[in-house]
Amino acid sequence: MLKSEITLYVNGEPRQVYVRHTDTLLHTLRENLGLTGAKPGCLNGDCGACTIDIDEEPIKSCLTLSVESTDKKITTVEGLQNAQIQKEFIKKFAFQCGYCTPGFIMNCNALINKYPDADDAKIKDWLESNICRCTGYAEIEEAIKAVLTKNQQGLSS
Amino acid sequence: MMSIGKSIYRKEALEKVTGTAKYAGDFSKAEVLHGRLVVSSYAHAKIKSIDTTAAWTVQGIRAIVLGQSFPLTGEEIKDRPPLAFDKVRYYGEPVAVVVADNETIAKRAAELIQITYEALPVVNSPREAITSGAPLVHENLIFYEKIQHVYPEPNTNIADRTKIRKGDMVKGWSESEVSVEASFSFSPSDHTAMETRCVTAEINRDGKLVFSSATQSPYMIKKLMNDYFGLEPGKVVVRTPVVGGGYGGKVAVQLELIAYMATQAVGGRTVKIMNTREEDMISSPVHIGLDATIKLGCTKDGRLKAAEILYLFDSGAYSDKGATIGRAAAVTCTGPYFIENITCDSLCVYTNHPYATAFRGFSHSEVLFAFERTMDMLAKKIDIDPMQLREINAILPGQTTPTQMLLNNSTVGSLPDCIQRLKQLMNWNEGQRIQVSDHLVRAKGISCIWKTSTIDTEASSGVNLLFNIDGTVNIISGIVEIGTGTKTILAQLLAEKMKMDIHQIHVKMDVDTETTPEHWKTVASRGTLLAGRALLKAADDAMSQLKDIASRVLICSPDDLEVGYGKVFVKDEPTTYLYIKDICYGYKYPNGYSIGGQVIGTGNYMLRHLTHLDHETGVGKPGPEWTVGAQGVEVEFNTQDYTYKIIKAYSVIDIGKVLNQKAALGQVMGAMSMGLSFAGRETYVFDDEGRVLNPRLRTYVPMRYGEHPQYMIHFNETTHVDGPYGARGIGEHGLIGMPAALANSLSVAAEVDLNQLPLTPELIWKTKESGGTK
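Residues numbered from 1 in each chain as written. Chains lettered and ligands numbered in written order. Predicted model: local features only at pLDDT ≥ 70, side-chain atom pairs only at ≥ 80, totals over all residues. Heavy atoms only, no water.

Section: the domain arrangement of chain B
Residues and elements named next belong to chain B. The following threshold applies: As used throughout, domain bounds are those supplied by an automatic or database domain assignment. Buried area is understood as the total, over both parts, of accessible area removed when two parts are fitted together, assessed with a 1.4 Å probe. A side-chain nitrogen of Lys or Arg and a carboxyl oxygen of Asp or Glu constitute a salt bridge if their distance falls within 4 Å. Whenever two N or O atoms come within 3.5 Å, that pair is a polar contact, provided that in protein one can donate a hydrogen and the other can accept it, and provided that, for residues adjacent in sequence, both atoms are side-chain atoms. The residue classification treats Ala, Val, Leu, Ile, Met, Phe, Trp, Tyr, Cys and Pro as nonpolar and Asp, Glu, Lys and Arg as charged. All others, Gly included, are polar.
Annotation of chain B at the domain level lists domain 1 (31–120 + 195–244 + 250–282), domain 2 (286–455 + 610–769) and domain 3 (458–606). In this structure, domain 2 and domain 3 have C-alpha centres spaced 39 Å apart. Buried area between domain 2 and domain 3, summed over both chains or domains, comes out near 1,500 Å², and the portion from carbon and sulfur atoms is 60%. The largest contributions to the domain 2 side of the interface with domain 3 come from Ile455, Pro724 and Tyr725, which together make up 38% of the buried area. Linking arginine 533 and aspartate 722 is a salt bridge whose minimum nitrogen-to-oxygen distance equals 3.8 Å. Remark: the boundary between domain 2 and domain 3 carries eight residue pairs in polar contact (both at pLDDT 80 or more). Residues that form the side of domain 2 that touches domain 3 fall into these classes: six nonpolar, nine polar and five charged.

Rendered as structure tokens:
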């Protein structure tokens with residue numbers, strides 16, 4: 001069982017961890033760093049509950065190895081500071097049990113930053129990688145559109 | 001100050017959007033051992049031998065627990081060993097649990113356990129199960145311990161039969177000028193809560209067994225540990241943090257039993273078992289399947305006269321909640337219509353499928369799919385508008401249900417009003433099927449709904465209200481926050497009752513059975529009624545304590561006082577008052593004398609006058625009230641390749657009273673989404689040997705973002721007198737008409753009767769090719 005000490009840059013801080021080479025980033029975040037916002041849902045890349053942002057791209061941390069995540073900027077839900085998307089999730093009732101929420105929010109966050117003018121097709125293309133079993137998805141649609149629209153208003157003014 | 005009806009944000013909202021909310025799997029300690037299940041690779045087989053030699057060679061392994069003949073478990077019939085013993089009865093059944101220092105070691109050791117099976121013939125559907133000569137899933141059914149009101153039929157695969165005998169069938173059929181008969185079927189499917197089931201168990205040095213479990217029924221675990229293992233109830237503690245979705249699936253008590261056996265095997269050390277997605281889908285209990293046959297008769301002008309119904313529920317290998325589900329189905333065996341003459345046999349049937357537990361709606365979406373499809377077939381046969389057929393027969397106060405409960409203006413909402421509103425919302429008069437282009441049609445289908453709860457007649461709930469020194473209140477309730485927001489609703493009820501700011505109310509989200517008053521189970525859309533009424537009683541208790549102290553300070557009768565706006569004041573002279581914060585920990589006179597103490601309000605609530613069902617006729621009162629509604633679906637259907645898109649989904653529900661507008665909309669919308677997903681795409685695929693071919697989210701495909709329709713939801717408000725501020729249960733109702741409405745819309749679109757689920761393009765194609773359904 002090969003293990004190494006590596007440095008991960010998580011939420012703006014360098015964090016030294018001792019990991020097995022086969023440890024997923026999801027495992028390391030949760031078990032070594034206590035960052036349990038990213039959730040295990042399928043460990044297979046199907047559900048999106050473990051989504052985090054790596055170098056501003058949404059990534060499924062259950063399909064990512066810790067040892068390949070060094071020298072990258074890792075942001076977990078714990079690293080968001082009062083992001084607009086978090087507020088809109090609350091306002092639009094875009095979650096119930098909350099288990100898929102960190103994954104959805106991190107996916108939305110990356111989308112908002114990368115494509116502030118995303119249209120319906122783009123939003124669908126991105127968000128269909130996450131599963132929510134509580135809402136009807138319409139609430140999540142309202143939340144992300146509220147942020148995108150605000151961004152667009154901001155840009156045009 | 002008024003709180004009822006407002007879209008108050010859920011109390012745990014910030015924790016959930018910041019990722020700090022802790023679920024059962026998020027608590028981690030270095031000394032925790034990990035349990036890993038070894039599951040059956042056969043659906044029905046004799047266990048010839050289990051060889052653990054190779055597994056024991058793995059370093060870091062602490063215990064391997066195998067099945068035993070005792071105890072047998074099950075909520076109504078004790079038919080299930082927590083780990084399979086002697087034989088396996090479904091594919092994925094837990095056979096052993098390996099306990100090791102970490103997950104990796106546990107997994108490696110689990111893979112090294114060698115089990116030799118001898119395959120047995122498989123029972124692969126409920127219809128097959130009840131044929132004579134079918135293999136028996138339980139040869140010893142006659143010997144099993146059971147509760148009084150369940151009726152297994154020895155030497156068959158029938159675990160329970162509920163009978164409804166209402167009116168006179170001879171008369172019913174003779175008055176029927178037209179009849180239709182149809183059969184329906186669908187296989188078991190899944191709840192797919194995003195959080196898989198997870199439990200830790202440990203036994204303290206003083207013998208106290210402590211669970212932390214993602215469950216909807218922490219108090220039931222405590223009760224069942226006593227029932228199954230003889231443990232003292234006071235020595236079983238269950239802690240439940242927020243739960244990542246339940247939908248009925250986390251009602252079942254399963255992993256807790258295995259975790260208990262595992263911690264026992266390692267001297268009480270903490271053992272954590274968290275299902276993988278695959279285990280969560282088939283090793284833990286599933287959403288029940290159904291085979292049904294319905295014969296329905298009416299007069300030429302559409303008045304229903306007779307219903308003859310057979311429901312065969314696919315309870316899978318064990319009866320756990322399946323028997324209760326079959327009973328609930330009998331209670332609501334027809335749609336929400338008044339029918340004088342009804343015969344129904346609702347059977348809970350053993351098969352070699354994963355075993356069933358509650359699923360949101362508790363048999364209602366399943367039964368309504370079959371019944372409401374039959375209604376559409378009948379409407380077509382007598383050439384009457386399906387909406388009109390439902391209007392003519394809609395259940396009304398003064399009429400009786402299948403179990404002969406006489407309904408009144410409080411115990412049932414107004415279905416005719418719901419139907420009227422749905423008609424307007426759907427623009428029904430434009431026609432049910434509209435050709436949009438050469439290969440594209442738009443089609444609409446509907447379903448009416450009703451539901452009461454079929455729960456223990458002694459189910460109860462308790463609430464404690466603890467005052468803080470600043471006059472704020474902590475609500476302590478045994479409701480599990482599974483996502484329904486019920487604990488926020490409790491805060492709203494208290495704010496309304498005590499006329500206080502919602503921000504002055506704190507809610508304890510976690511449940512700890514040692515310190516939290518019991519709430520029976522967080523199920524059946526009954527949280528608001530049971531805990532809500534308990535809370536109102538606790539508030540009355542607290543307010544009378546506050547008035548008592550205030551009356552002695554203000555030197556007046558407590559009768560002259562009122563509580564509100566953070567004060568206790570004289571009703572007639574509101575300028576004479578005391579602040580609650582100055583008396584909620586008692587009152588200190590200037591000379592030092594003090595009276596009172598911390599105000600602690602307590603309240604409980606139990607449903608009134610519920611009965612068991614009569615075994616021969618089904619007569620009885622299983623639930624307090626009926627929520628009714630009317631739902632619809634509009635699809636765009638391609639007549640060339642049979643693909644379709646769900647454009648709009650409608651719900652008009654008589655909710656009694658809207659307590660939180662957006663939360664109520666969310667409950668209904670989410671339930672509709674789940675219902676459409678179940679109806680359109682979710683099923684387990686079994687091979688001839690009863691093995692599940694798709695136990696993962698890549699091949700079992702719930703609805704995703706962008707596939708959702710536009711939701712149109714409207715609430716009517718017919719007061720339920722017993723409900724807090726008149727509210728009715730709403731947690732499940734958005735789901736239960738969706739399968740029927742989708743099937744009805746697609747049957748119209750494809751011009752063929754679609755009587756199976758899920759409604760995939762392939763099913764529609766096959767049905768068309770075969771010239772229609774049987």
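Side note on the side chain of histidine 34 of chain B
Operational definition: Each helix is a run of H or I in the DSSP string that is no shorter than four residues. Each strand is a run of E no shorter than two, and both are numbered from the N terminus. In this description, contact between two residues means that some pair of their heavy atoms is separated by no more than 4.5 Å.
Within the fold, histidine 34 of chain B resides in strand β1 (residues 33–39). Once residues lying within four places of it in the same chain are set aside, the contact partners of histidine 34 of chain B are Val98, Val99, Ala100, Asp101, Asn102, Glu103, Ala106, Val271 and Lys272 of chain B.

Side note on the interface of chain A and chain B
Contacts between the two partners involve 50 residues from chain A, matched on the other side by 55 residues from chain B. Across the interface of chain A and chain B, roughly 4,200 Å² is buried in total on both sides, 56% from carbon and sulfur atoms. The largest share of the area that chain A buries against chain B comes from Phe93, Gln96 and Arg133 of chain A, three residues that together contribute 20% of it. Applying the counting rule to chain A against chain B returns four salt bridges. Aspartate 26 of chain B serves as the salt-bridge partner of lysine 39 of chain A, at 2.5 Å between the closest nitrogen and oxygen. Between chain A and chain B we count 28 residue pairs in polar contact (both at pLDDT 80 or more) in total.

Describing the domain arrangement of chain A
Residue and element names in this part refer to chain A. According to the domain assignment, chain A contains domain 1 (3–79) and domain 2 (84–156). A separation of 22 Å is found between the C-alpha centroids of domain 1 and domain 2. Contacts between domain 1 and domain 2 engage 17 residues on the former and 13 residues on the latter. Carbon and sulfur atoms make up 57% of the surface buried where domain 1 meets domain 2, a total of about 1,200 Å² over both sides. Across the pair glutamate 57 and lysine 114 runs a salt bridge, and its minimum N-O distance is 2.4 Å. Summed over the shared surface of domain 1 and domain 2, the result is six residue pairs in polar contact (both at pLDDT 80 or more).

Comments concerning the sheet that holds strand β21 (residues 473–477) of chain B
Hydrogen bonds between backbone groups are what pair the strands of a sheet, and the pairing can be parallel or antiparallel. All names here are of chain B. Here is the rule we go by: Should DSSP find at least two bridges between two strands, the strands are regarded as paired. Comment: axis = line fitted to C-alpha atoms, over the contacting stretch for helices; angle = value between 0 and 180 degrees taken between N-to-C directions.
Overall, mixed pairing links the four strands, which are arranged β22-β21-β20-β29 in an open sheet. Edge positions in the open sheet fall to β22 (505–507) and β29 (600–606), since each of these has one partner strand only. Direction aside, neighbouring strands of the sheet carry axes that sit 20° apart on average. One ladder, built from five bridges, connects strand β20 (residues 460–467) with β21; its direction is antiparallel. For phenylalanine 467, the partnering residue across the bridge sits in β21 and is valine 473. Here helix α14 (residues 527–554) sits on the sheet and contacts β20, β21 and β29; the angle it forms with β29, its principal contact strand, is near 145°.

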